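Structure at a glance
The residues making up each chain are set out below.
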Amino acid sequence: MGRLLQSGVLLASATVLLGGILYLKANASHPVNLRTFISEPADLRSATQLLRLLSHGNPAAIVQLGILFLIATPVARVIFAVIAFAIERDRLYVVVSLIVLAVLTLGLLH
Amino acid sequence: MPLLLFTSLVFAGSIAAGLLGALTGLGGGVVLVPLLTLIFHVDIRYAIGASLISVIATSSGAAAAYVREGFSSVRIGMFLEVATTIGAVFGAFLATRVPTRALAIVFGLVLLYSAWLSWQQSRRAEPTPHPANPWSDRLRMSGTYPDGHGGLCHYSVDRIPAGFATMFGAGTLSGLLGIGSGAVKVLAMDRIMRIPFKVSTTTSNFMIGVTAAASAGIYLHRGYIDPALAFPVMLGVLAGSLLGARYLVRARVSLLRSIFTLVILALGVEMIINGIRGV
């Protein structure tokens, strides 16, 4: 389980780093303005749109993909916990882990 | 500010936030959000989004080490994650509806509380002995941890409903403010459920990532996570906290802790004043 968390964070960091460097190269001298909130473009907010941008090598989309990897890491940990408790035949904690997984899914899909 | 300069400065600030977070055990988010909003003038919603991402990274990175040492309890963690994840989803929904001025004020109050907690840490009392609660065994939450002399210490948990309710609050704060709210989680386990300190801190660290992941999806869909900001923040805080965990834990920290407490106090006051004045 420890190994899983580490590799997830490593994969996510590497992806974010790659995307971030490409993003810097493309926009290095552009001014940044995050003073006022404008919601991020819709393309960066949904998984299917993200895939389309990724196929064009869009740097911001690569960063967002890394962030998705990062969010997936704890989710994967809960999935593994369900399996581990099932192997131990601990029904109570299979149910508990499944509830956590359901709440996580609700949050991710909403 | 041009992007390259902005990224470098935010990266440096995030390393510092990660270092301080690891050093005090409060987590990077508590320093990061005030840093981004007060100094870099980033909208608090972007700051919260980036902070939440860094929280997942540091929690998952640090938790990996504790699982192997046998301190954290997977069962206690999973049981309480039911409360924290539901709280986190609720908090993230609140965050999209509450005016940003109110967010700043709530954040300031959490900072004041953290400062108080950090100041108190030096005078911690050992948990008082208590009669075993039958539900601790029924829910299989009793356990053992290494005592450092080759033996095992036995522990059980108490006051489960109150701990569960406090965890819901911790999750809500996490989803609302994009912080790990490790301080509240430890409070619930340590003070309320009477779990030994070593077990409660490591288990809390373990839970923070799962809790943050529950609200991260909602932040992403609402467009709170900006790649230009998330990139330096996530990598900076991660690097800072790994460095801090490796080198600073053994260093003499009492002076640093006092300074940090004052900094947090000042940041908290400033966030509340800014929130009230509507800047």
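Residues numbered from 1 in each chain as written. Chains lettered and ligands numbered in written order. Predicted model: local features only at pLDDT ≥ 70, side-chain atom pairs only at ≥ 80, totals over all residues. Heavy atoms only, no water.

**Examining the overall build of chain A**
For clarity, the threshold we go by: Comment: elements are numbered from the N terminus, with helices defined as DSSP H or I runs of at least four residues and strands as E runs of at least two. The globule rule is 2.2 Å times the number of residues to the power 0.38, and the radius of gyration it is compared with is taken over C-alpha atoms. Buried residues are those whose accessible area, probed at 1.4 Å on protein chains only, stays under 20% of the maximum for their type, while exposed residues exceed 50% and partly exposed ones sit between those limits. The protein chains shown are the only cover counted for residues, whose accessible areas, like all others here, come from Shrake-Rupley with a 1.4 Å probe. Two residue types count as positive, namely Lys and Arg, and two as negative, namely Asp and Glu; His and chain ends fall outside the count. The atoms used to mark charge sites are NZ of Lys, CZ of Arg, CG of Asp and CD of Glu.
A tally of regular secondary structure across chain A gives 4 helices and 0 strands. Listing each helix as α and each strand as β along chain A from the N terminus yields α-α-α-α. Relative to the compact-globule value of 13 Å for 110 residues, chain A shows a C-alpha radius of gyration of 18 Å, a clear excess of over 25%. Its C-alpha atoms give chain A principal-axis dimensions of about 60 × 30 × 30 Å. Looking at chain A as a whole, 42% of its 110 residues are labelled buried. Here chain A has roughly 6000 Å² of accessible surface; of this, 69% comes from carbon and sulfur atoms. Side-chain charges in chain A split into 8 positive and 4 negative, and the spacing between the mean points of these groups amounts to 5 Å.

**Quick notes on the overall build of chain B**
Counted only if it meets this: In this analysis, two residues are considered to be in contact whenever any of their non-hydrogen atoms come within 4.5 Å of each other.
Counting its secondary structure elements, chain B contains 11 helices and 2 strands. Listing every helix and strand of chain B by position from the N terminus yields α-α-α-α-α-α-β-β-α-α-α-α-α. By the burial criterion, 58% of the 279 residues in chain B qualify as buried. Once local pairs closer than 6 in sequence are excluded, the contacts in chain B between residues at least 24 apart make up 80%.

**Examining empty space enclosed by the protein**
Residue and element names in this part refer to chain B. Heads up, the condition is: In the cavity and pocket records, a cavity denotes points on a 1 Å grid over the protein atoms alone where a 1.4 Å probe fits but cannot get out, a pocket denotes an open set with protein on both sides within 12 Å along at least 5 of 7 lines, and lining residues are residues with an atom within 4 Å of a point. Grid points are joined across faces, edges and corners, and a volume is the space filled by probe spheres set on the points.
On inspection of all chains with the given rule, the structure shows 2 cavities of 30 Å³ or more. Of the volumes computed, that of the largest cavity is approximately 60 Å³. Lining the largest cavity, in full, are Leu26, Val30, Val110, Tyr113, Ser114, Ile179, Ser181, Gly182, Ala183 and Val184. For the lining of the largest cavity, the elements supplying multiple residues, two or more each, are helix 5 (100-120) and helix 8 (182-192).

**Things to note about the packing of helix 4 (residues 74-97) of chain B against helix 9 (residues 197-221) of chain B**
Pairs of packed helices are described in terms of their axes, by the angle between the two and the distance that separates them. All names here are of chain B. Here is the rule: A fitted line through C-alpha atoms represents every axis, and for helices the fit uses only the stretch in contact; the resulting angles, taken between N-to-C directions, go from 0 to 180 degrees. Every angle not falling under 35 degrees, over 145, or within 65 to 115 is termed oblique; those three ranges are roughly parallel, roughly antiparallel and roughly perpendicular. Should the near helix be turned counterclockwise from the far one by less than a right angle, the crossing is left-handed, whereas a clockwise turn marks it as right-handed.
One can describe the packing of helix 4 onto helix 9 by two numbers: an axis separation of 8 Å at closest approach and a directional angle of 30°. The angle between helix 4 and helix 9 places the two elements in the roughly parallel class. At the point where helix 4 passes helix 9, the crossing takes the right-handed sense. Contact residues: helix 4 offers Val74, Gly77, Leu80, Glu81, Thr84, Thr85, Ala88, Val89, Ala92, Phe93 and Ala95, while helix 9 offers Thr203, Phe206, Met207, Val210, Thr211, Ala214, Ser215, Ile218 and Tyr219.

**Focus: the environment of Arg101 of chain B**
Its place among the elements puts Arg101 of chain B in helix 5. Not counting residues within four places of it along the chain, the set of residues in contact with Arg101 of chain B comprises Gly275, Ile276, Arg277 and Gly278 of chain B.

**Brief notes about the nonpolar core**
The nonpolar side chains of a soluble globular protein tend to be buried, and buried together. Defined as follows: What we call a nonpolar core is a set of buried Ala, Val, Leu, Ile, Met, Phe, Trp, Tyr and Cys residues that are connected through their side-chain atoms within 4.5 Å.
Counting residues in hydrophobic clusters, the biggest one holds 106 residues, and the most contacted among them are Ile67 of chain A together with Leu36, Val42 and Leu229 of chain B. The element contributing the most residues to this core is helix 9 of chain B, with 11 residues. Excluding residues within four positions of it along the chain, Leu36 of chain B makes contact with Val10, His41, Val42, Ala47, Leu229 and Val233 of chain B. One finds Leu44, Leu50, Leu53 and Ala61 of chain A within the second-largest nonpolar core, a separate group that totals 5 residues.

**A look at the environment of Leu10 of chain A**
Tracing the chain through its elements places Leu10 of chain A in helix 1 (residues 2-27). Between the C-alpha atoms of Leu10 of chain A and Gly66 of chain A, which are 56 residues apart in sequence, the distance is 9.9 Å.

**Quick notes on the interface of chain B and chain A**
When the parts come together, some accessible area is lost, and that loss is often what is quoted as the size of the interface. So the rule is basically this: Two parts lose some accessible area (1.4 Å probe) when they are put together, and adding that loss for both gives the buried area. Take a side-chain nitrogen of Lys or Arg and a carboxyl oxygen of Asp or Glu: if they are within 4 Å of each other, that pair is a salt bridge. Gly is placed with the polar residues, together with every amino acid not listed as nonpolar (Ala, Val, Leu, Ile, Met, Phe, Trp, Tyr, Cys and Pro) or charged (Asp, Glu, Lys and Arg).
Taken together, the contacts link 56 residues of chain B with 57 residues of chain A. Together, the buried faces of chain B and chain A total about 5000 Å²; carbon and sulfur atoms form 73% of this surface. Our count for the chain B to chain A interface comes out at 4 salt bridges. Between Arg75 of chain B and Glu88 of chain A there is a salt bridge, with the nearest N and O atoms lying 3.0 Å from each other. Elements with a minimum of two residues in the side of chain B that touches chain A: helix 1 (3-24), helix 3 (44-69), helix 4, helix 9 and helix 10 (227-248) of chain B. Its residues assigned to classes, the side of chain B that touches chain A comprises 38 nonpolar, 9 polar and 9 charged.

**Structural notes on helix 4 of chain B**
Put simply, the rule reads: One less than the number of residues in a helix, times 1.5 Å, gives the span that helix is expected to have. To get the bend at a given residue, fit one axis to the seven residues ending there, fit another to the seven starting there, and take the angle between those axes.
In this model, helix 4 of chain B (24 residues) spans 34 Å end to end at C-alpha, consistent with the 34 Å of a helix rising 1.5 Å per residue. The axis of helix 4 of chain B is deflected most strongly, by about 35°, at Glu81 of chain B.

**A short note on the pattern of salt bridges**
Following the criterion strictly, the structure yields 6 salt bridges over all chains and no others. Close ionic contact of Asp90 of chain A with Arg140 of chain B constitutes a salt bridge, the shortest N to O distance being 2.5 Å. Taken together, the residues Asp90 of chain A in the loop between helix 3 (59-87) and helix 4 (91-109) and Arg140 of chain B in the loop between helix 6 (134-138) and strand 1 (143-146) connect one chain to another. Classification of Asp90 of chain A as buried rests on a relative accessible area of 4%. Of the charged contacts, one joins Asp158 of chain B and Arg194 of chain B as a salt bridge, the two residues approaching to 2.9 Å between their closest N and O atoms.

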